[in-house]
Amino acid sequence: MIDNWVQRKLPNRFERRIDFENYELTREFLDLAADISAKEGFYPDINFGKHHVSMTIHVDEKEGGLEEEQLRFAMQVNAIATLDKVAKPLKAEYEVEEG
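Each chain has its residues counted from 1, following the order in which its sequence is written. This being a predicted model, a pLDDT of at least 70 is required before a residue's local features are given, and a value of 80 or more before pairs of side-chain atoms are given or counted; all residues contribute to the totals for chains, interfaces and linings. The side-chain numbers reported here are obtained from all heavy atoms of the structure, hydrogens and water having been left aside.

(A) Structural detail: the nonpolar core. For the purposes of this section, nonpolar cores are sets of buried Ala, Val, Leu, Ile, Met, Phe, Trp, Tyr and Cys residues that join through side-chain atoms within 4.5 Å. Remark: exposure states derive from per-residue accessible area (1.4 Å probe, protein chains only) relative to the maximum for the residue type, with buried under 20%, exposed over 50%, and partly exposed in between. In this structure, W5, F29, M55, I57, F73 and V77 are the most contacted members of the largest nonpolar core, which totals 20 residues. Elements represented by at least two residues in this core include exactly β2 (13-19), α1 (23-40), β4 (52-58) and α2 (68-81). Helix and strand assignments come from DSSP, with helices taken as H or I runs of at least 4 residues and strands as E runs of at least 2, each series counted from the N terminus.

(B) Spatial organisation of the pattern of salt bridges. We define a salt bridge as a contact between a side-chain nitrogen of Lys or Arg and a carboxyl oxygen of Asp or Glu at a distance within 4 Å. Taken as a whole, this structure holds six salt bridges when the rule is applied. Across the salt bridge formed by R27 and D31, the nearest N and O atoms sit 2.9 Å from each other. With R27 and D31 both in helix α1 and four residues apart, the pair spans about one turn of that helix. Look at R27 and you get partly exposed, because its relative accessible area is 32%. Overall, the relative accessible area of 39% leaves D31 in the partly exposed class. For R72, the salt bridge is made with E40, and the minimal N-O distance between the two is 2.6 Å.

(C) Highlighting the pairing of strand β3 (residues 45-49). In this description, strands pair whenever DSSP reports at least two bridges between them. Sheet analysis places β3 next to β4, joined by five bridges and oriented antiparallel. Each residue of the ladder has a partner; that of F48, found in β4, is V53.

(D) Spatial organisation of the packing of aromatic side chains. We call Phe, Tyr and Trp rings a pair once their centres come within 6.5 Å, taking the six-membered ring for Trp, and we label the pair stacked below 30 degrees between planes, edge-to-face above 60, and tilted otherwise. Per the counting criterion, the structure on display carries two aromatic pairs. Arranged with centres 5.3 Å apart and planes meeting at 45 degrees, the rings of F20 and F29 form a pair that is tilted. Each member of the pair, F20 as well as F29, carries the same accessibility label: buried. Arranged with centres 5.5 Å apart and planes meeting at 70 degrees, the rings of F42 and F73 form a pair that is edge-to-face. Placement of F42 in the loop between α1 and β3 and of F73 in helix α2 is noted, with a sequence separation of 31 residues between them. Taken as a pair, F42 and F73 share a single burial class, namely buried.

(E) Quick look at the sheet that holds β3. Overall, antiparallel pairing links the four strands, which are arranged β1-β2-β4-β3 in an open sheet. Strand pairing shows two members of the sheet lacking a second neighbour, β1 (6-8) and β3, which therefore form its edges. Adjacent strand axes in the sheet meet at a mean angle of 20 degrees when their direction is disregarded. As defined by bridge partners, β2 adjoins β4 across seven bridges and the pair is classed as antiparallel. Fitting a line to C-alpha atoms yields each axis, with helices limited to the stretch in contact; the angle taken between N-to-C directions then spans 0 to 180 degrees.

(F) View of the environment of S54. With respect to the secondary-structure elements, S54 resides in strand β4. Distance from S54 to D19, taken between C-alpha atoms, is 8.8 Å for residues 35 residues apart in sequence. Look past the residues within four positions of S54 in its chain and what remains in contact with it is R16, R17, D45, I46 and N47. The contact rule is simple, with two residues in contact once any of their heavy atoms fall within 4.5 Å.

In structure tokens:
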């Protein structure tokens, strides 16, 4: 399991939703996520609105788990979601531990 991601079945996938105070923060997060996608060569399903981003990583049933680039992507998304300049959640649907 990946921190802050929810595993779903049928189809097997991991999902995360991140809420933001305003559209500018949402756009900044999307730009950073796009950079990570280009670096990792992995492009998840992304849906967004003015104040949120939802991501889905589909798991290859044959592999039985996340592939290496999917795991790296999810971990990097977790890291940018905790940046003060980006993530200022409206609601703590997914709490991020600060270390």
